[in-house]
Amino acid sequence: SGSTLDINSTNVSIADTDIALDGASTTFTATGALTLTPGGALTLGATGQTALLQGSTTTITSNGAGNDITLTSADDLLLNPGDDITATFGAGSQLVLNAATTDSTLVGATSGVFQLNVDANPAASSIAQGIYLDYEAVDDGNADQTFRAFRLDFLNASEDAGDITNAFSISNAN
């Protein structure tokens, strides 16, 4: 209790070992960059524990195999940006929100599977836009393509006589 293990070495190797840190809390402090390089999968945390990843700039990068990053949540995935969310897509990339794998049971006159809420308060003589789509059909020398800036497919698979169905509904309400 109260002692310090001080090892001044370039490399320390500990083989086939479980290291138990049994204090009420443990802090690792590095005076320089800290790199963890596992020989296999890296698991941080355990079931039932919360985890926090923070820094002035926090980057998650995938650089092998399928180059994917998967975020899986048993409940909500919450993004709370202090400013913008910016994505730069490579050629042929997509942003796909798949809400069709499982039938939605979401109901409500003011909610939707995809919902965008905007409170706009622009300065005088300025323009505020809730959704702005800038689509450019690039002249690639072919004359046989179809370009669509927006397409909506609506299928009333229920076809119940009492249903009210709209492919597009605009309400200009104050």
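Just above, that's the structure.
Everything numeric in this text was worked out from a predicted model, so none of it was measured. (Residues numbered from 1 in each chain as written. Predicted model: local features only at pLDDT ≥ 70, side-chain atom pairs only at ≥ 80, totals over all residues. Heavy atoms only, no water.)

A.B. asks: When you look at the overall build of the protein in this model, what are you seeing that I'm missing?
C.D. replies: Counting its secondary structure elements, the protein contains 0 helices and 0 strands. Over its C-alpha trace the protein gives a radius of gyration of 26 Å, far above what one expects of a compact globule, namely 16 Å for 174 residues. Burial statistics for the protein: of 174 residues in total, 0% are counted as buried. The contacts in the protein between residues at least 6 apart in sequence include a share of 0% that link residues at least 24 apart. In the structure as shown, the protein presents an accessible area of about 18000 Å², 48% of it carried by carbon and sulfur atoms. (Helix = DSSP H or I, 4+ residues; strand = E, 2+ residues; numbered from the N terminus. Rg over C-alpha atoms; globule rule 2.2 N^0.38 Å. Buried < 20%, exposed > 50% of the residue type's maximum accessible area, 1.4 Å probe, protein only. Contact = heavy atoms within 4.5 Å. Areas by Shrake-Rupley, 256 points an atom, 1.4 Å probe, with all protein chains shown as cover.)

A.B. asks: Looking at this structure, I do not really get the pattern of salt bridges. What am I missing?
C.D. replies: Under the criterion given, the structure shown has 1 salt bridge. Close ionic contact of Arg 151 with Asp 153 constitutes a salt bridge, the shortest N to O distance being 2.8 Å. (Salt bridge = Lys/Arg side-chain N within 4 Å of Asp/Glu carboxyl O.)

A.B. asks: Looking at this model, I keep getting lost on unusual backbone geometry. Mind explaining?
C.D. replies: Negative phi is the rule for most residues except glycine; trans is the rule for most peptide bonds. Positive phi outside glycine occurs at Ser 125, with the angle close to 60°. Overall, Ser 125 belongs to the exposed group, its relative accessible area being 85%.

A.B. asks: Looking at this model, I keep getting lost on the environment of Gly 130. Mind explaining?
C.D. replies: By relative accessible area, Gly 130 is classed as partly exposed at 47%. Along the chain, Gly 130 and Ser 56 lie 74 residues apart, while their C-alpha atoms are 30 Å from each other. Look past the residues within four positions of Gly 130 in its chain and what remains in contact with it is Leu 116 and Val 118.

A.B. asks: Could you clarify how one ought to interpret the environment of Asn 98 in this entry?
C.D. replies: A residue is classified by how much of its surface remains accessible, and Asn 98, at 54% relative accessible area, is exposed. Sequence spacing of Asn 98 and Pro 122 is 24 residues, and the spatial spacing of their C-alpha atoms is 33 Å. Within the structure, Asn 98 has its side chain in polar contact with the backbone nitrogen of Ala 100 (distance 2.9 Å). Here Thr 101 takes part through its side chain, which lies 2.9 Å from a polar atom of the side chain of Asn 98. (Polar contact = N/O pair within 3.5 Å; in protein donor to acceptor, adjacent residues only side chain to side chain.)

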